[in-house]
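# Examining the three-dimensional arrangement
Each chain, written out:
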There are 2 protein chains.
Amino acid sequence: MTENRKPPTASEIVIPEPTLRRIPMYYQYLKRKQQDERLDASSSTTMAADLSLNPIQIRKDLEWIGATGKPRTGYDIEILLAHMEDFLGYNNAHDAFIVGAGHLGQALLGYEGFEDYGLNIVAAFDSDPAKADMLVAGKKVLPMEKLEDMVKRLHILIGILAVPSYEAQTVCDRMVAAGIKAVWNFTPYHLTVPDGVIVQHENMATSLAVLANKLEVALRKAREQGNHHDHK
Amino acid sequence: MTENRKPPTASEIVIPEPTLRRIPMYYQYLKRKQQDERLDASSSTTMAADLSLNPIQIRKDLEWIGATGKPRTGYDIEILLAHMEDFLGYNNAHDAFIVGAGHLGQALLGYEGFEDYGLNIVAAFDSDPAKADMLVAGKKVLPMEKLEDMVKRLHILIGILAVPSYEAQTVCDRMVAAGIKAVWNFTPYHLTVPDGVIVQHENMATSLAVLANKLEVALRKAREQGNHHDHK
DNA sequence: TAGATTGTTAATCGATTAACAATC
DNA sequence: TAGATTGTTAATCGATTAACAATC
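Here goes a summary of the coordinates provided. (Residues numbered from 1 in each chain as written. Chains lettered and ligands numbered in written order. Predicted model: local features only at pLDDT ≥ 70, side-chain atom pairs only at ≥ 80, totals over all residues. Heavy atoms only, no water.)

## Here's the deal with the environment of I15(B)
- Inspection of the secondary structure assignment puts I15(B) in the segment before α1 (17-37).
- Counting along the chain gives 71 residues from I15(B) to D86(B), while the straight-line C-alpha distance between them is 14 Å.
- Once residues within four sequence positions are removed from consideration, I15(B) is found in contact with N213(A), L20(B), W64(B) and F87(B). (Helix = DSSP H or I, 4+ residues; strand = E, 2+ residues; numbered from the N terminus. Contact = heavy atoms within 4.5 Å.)

Below, the structure is given as structure tokens:
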């Protein structure tokens, strides 16, 4: 194909990550609005107020997923949700394997709602023989030895890493060698992968650092105000 | 030394969030370098290569936590780690409660490494009487009724929400009423809290959306290239 | 019509990256 | 000294916010 003028190719236009990260929030919010309050339209103004965001930002975000609204009434929630599901891959879910069936792995296995976002966890793997053939949330825990074979047979593209940090790189290498193209990493270990393989880091410490810092700043401010108070 | 001229008040200078989010990654990386490779210095150049970041960005980040390096040799890892621990609150940890002792709650209770980042999980609470007085990772699971009393008695400031999404707001309200100032929310529910209370959202769907999107873009690109290939 | 809301174009803000002098 | 690396100042880039005309 490769048509001429239109500066970036289709495959080069990529949604900004901040926008992408907000879509699931909108989705969750709107679904609730629809189910609990039986609303069928919502304006960027009300959404912004409820979610503590800027209405202009919301309109820009919604533009990215191809949604349009009506002046005076806002956006049709039904249509908006459909757009989002489409965008997030609800209608084109990817299969995934989890490696590591500890508490975290089991929590992920049981997490409902991944399907909404296009992820279908098929099974888990664990090196502990005691866990082999266990069922968690209706999904099988298989022995590690079967990993490569199963990845190939089912053409799995996504691997979820919920193993101890010191095993992360080894397991990741095995996944990649077997054909996995995207790794969702729940360990704090910074993985090295070949070109073309995607790694998404889910680092709890990162979030915690943000939370602790905000709290610290707030406490500092409170203390200062306290002082000023004393002071006068 | 606290010299004069510096326009904004101490409490107004706040580290940029992107920088803050990278600190734990540096920390984890450097600790490994120190322990596994017995290195005692590292340059922004090598760190950048290993972590796929820009060296200038790393230098700027390190400046924020007050670290300095030496031309030619780089940064002293020992000192760097100390700075980071100090910055992340390792020496000034906050106590926290978890509410919800399901798989996720138990995974969090057992997560080692929170201490490194200034968080000390004291106990968990669960409404399921079967779980009452259970021990997880050496920490007690207490019945929900005791929540308010314990928060007040121990002056807990941080609450971790690992309950089902439909209970999130109710439990959050109870936490806040009892005096909790920061809520780490692991449910997908968007919480409403009074002014002055901090909420940190740990939304798995958000990360997943990013991962799925990157994979989709990569597959699209691969497909396109495949076509071009065919084509010529 | 009047008024709220969309959607677009322009301005602002902040983070990343570049350029380069200072330094060990 | 020569050369790699720091740290600072300036340029760039991208996201957020503002302004406002179009629209139902």
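## Some remarks on the protein's contact with DNA strand C
- Surrounding DNA strand C, one finds 21 residues, the nearest of these being S44(A), R59(A), R72(A), R22(B) and P71(B).
- Sugar and phosphate atoms constitute 59% of the interface atoms of DNA strand C, taking the interface as everything within 4 Å of the protein.
- Take G69(A): an N or O atom from its main chain is 3.0 Å from a phosphate oxygen of DNA strand C.
- Contact distances for DNA strand C include 3.0 Å between a phosphate oxygen and a side-chain N or O atom of Y75(A).
- Within the residue set of the surface near DNA strand C, elements represented by two or more residues are α3 (55-64) of chain A together with α1 and α3 (55-64) of chain B. (Near = heavy atom within 4 Å. Polar contact = N/O pair within 3.5 Å; in protein donor to acceptor, adjacent residues only side chain to side chain.)

## Let's talk about the interface of chain B and chain A
- In this assembly, 62 residues from chain B lie in contact with 62 residues from chain A.
- Taken over both partners, the interface formed by chain B and chain A buries close to 5,900 Å², and the fraction arising from carbon and sulfur atoms is 66%.
- Counting across the chain B and chain A interface gives zero salt bridges.
- At the boundary of chain B and chain A, one finds ten residue pairs in polar contact (both at pLDDT 80 or more).
- Where the side of chain B that touches chain A is concerned, the elements lending two or more residues are α1, α2 (44-51), α4 (77-88), α5 (103-110), β8 (182-185), β9 (198-201) and α8 (204-231) of chain B. (Buried area = accessible area lost by both parts, 1.4 Å probe. Salt bridge = Lys/Arg side-chain N within 4 Å of Asp/Glu carboxyl O.)

## What to know about the protein's contact with DNA strand D
- In the region of DNA strand D, 21 residues are neighbours, and R22(A), P71(A), S44(B), R59(B) and R72(B) sit closest.
- Between a phosphate oxygen of DNA strand D and a side-chain N or O atom of S44(B), the distance comes to 2.5 Å.
- Residue R72(B) places a main-chain N or O atom 3.2 Å away from a sugar or linking oxygen belonging to DNA strand D.
- Grouping the constituent residues of the surface near DNA strand D by class yields six nonpolar, seven polar and eight charged. (Nonpolar A, V, L, I, M, F, W, Y, C, P; charged D, E, K, R; others polar.)

## Looking at the relation of the copies chain B and chain A
- Relative to chain A, chain B is turned by 180° and slid 0.0 Å along the rotation axis, the superposed coordinates differing by an RMSD of 0.0 Å. Taken together, the rotation and translation relating the two chain copies correspond to the operation of a two-fold axis. Residue H103(B), judged by its C-alpha, is the member of chain B lying nearest the rotation axis, at 2.6 Å.
- Interface overlap between copies: 97% of the residues of chain B at the interface are likewise at the interface in chain A, consistent with a symmetric, same-surface contact. (Least-squares fit on C-alpha atoms with pLDDT ≥ 70 in both.)

## Concerning the sheet that holds strand β9 (residues 198-201) of chain A
Residue and element names in this part refer to chain A.
- In spatial order, the strands read β5-β6-β4-β3-β7-β8-β9; together these seven strands make up an open sheet with mixed pairing. The open sheet has two free edges, formed respectively by β5 (135-136) and β9, since each of these has just one partner strand.
- With two bridges connecting them, β5 and strand β6 (residues 139-143) associate as antiparallel partners. Of the residues in β6, the one forming a bridge with L135 is K140.
- Here helix α7 (residues 168-178) sits on the sheet and contacts β3 (94-99), β7 (158-161) and β8 (182-185); the angle it forms with β7, its principal contact strand, is near 165°. (Pairing = 2+ DSSP bridges. Axes fitted to C-alpha atoms, helices over the stretch in contact; angles between N-to-C directions.)

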